[in-house]
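Chain by chain, the residues run as shown.
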Amino acid sequence: ANASLKWDIIPFLYFKATCNAYMKEELNESFQMSTQTYSNIFSNPQTIASSSRDAIRNLNRDFQTQFNGILNYSKSIAEKHNMSAMVGAEYFKVKTDYMQVYGKNAPTDDIPTVNASTVFAAGSNTSNASEYRIISSMGRLAYDYDGRILINAVYRLDGTSILAQGNRLSLIHI
């Protein structure tokens, strides 16, 4: 989903905000019923090829949000002097959840989900949750005279949660 809003505050000055949200979810389930082959049926005594009834379920979910806001000013004077200024900010976040459960030896084939399992192998069951964020601010000043002389100044400051404490901010200027 996404949305945007533009507000003309006064002539030559406006504010624009946008937001986006995105979710991806993946669910996998598997159940192996007890099996018997022809050779198992006709053997004496009868045997079963596989009775472990392995079951697995895993869920992976990502939820992403992004918000932007910019304030923009643009003005021309005497049709030759053109000036503009922009300042903005952005917030971006991704949250991930993962879970896996593996079991076997369910007492029956009639419950084909992992919750009927009686044995859960160590190390095969796991869960994880993580989150990271990026926060940015940016700005631009621009001037041109009659489209021939151009002067621009731009900056961007980014901060991210995935880097070490002392290295989370970075200033980029052009």
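Calculation criteria
Residue indices begin from 1 for each chain and proceed along its sequence in written order. Where local features are concerned, this predicted model is filtered to residues with pLDDT of at least 70; where side-chain atom pairs are given and counted, the filter is 80 or more; whole-chain, interface and lining totals use all residues. Computation of side-chain values: all heavy atoms of the structure, hydrogens and water removed. Two strands pair if DSSP finds at least two bridges between them. The numbering of helices and of strands both runs from the N terminus, where a helix is a DSSP run of H or I of at least 4 residues and a strand a run of E of at least 2. Note on classification: 1.4 Å probe, protein chains only; a residue is buried when its accessible area is under 20% of the maximum for its type, exposed when over 50%, partly exposed between these limits. Pairing of N or O atoms within 3.5 Å defines a polar contact, subject to two protein rules: one partner must be a possible hydrogen donor and the other a possible acceptor, and residues neighboring in sequence count only if both atoms are side-chain atoms.

Considering the pairing of strand S4 (residues 81–103)
The side chains of a regular strand alternate between both faces of the sheet. Relative to S4, strand S3 (residues 55–77) is paired through 23 bridges, and the arrangement is antiparallel. The residue of S4 that forms the bridge with leucine 59 is methionine 99. With antiparallel pairing between neighbouring strands as the criterion, S3 and S4 make up a hairpin whose turn holds three residues, including alanine 78 at a positive phi of roughly 55°. Relative to strand S5 (residues 126–145), S4 runs antiparallel, the two being bridged by 20 bridges. For methionine 83, the partnering residue across the bridge sits in S5 and is tyrosine 143.

Details of the side chain of serine 136
With respect to the secondary-structure elements, serine 136 resides in strand S5. On the accessibility criterion, serine 136 (4% relative accessible area) is buried. Polar contacts involving the side chain of serine 136 include one to the side chain of arginine 156, which spans 3.3 Å. Polar contacts involving the side chain of serine 136 include one to the side chain of aspartate 158, which spans 2.4 Å.

None of the figures reported here should be taken as evidence of function without further support.
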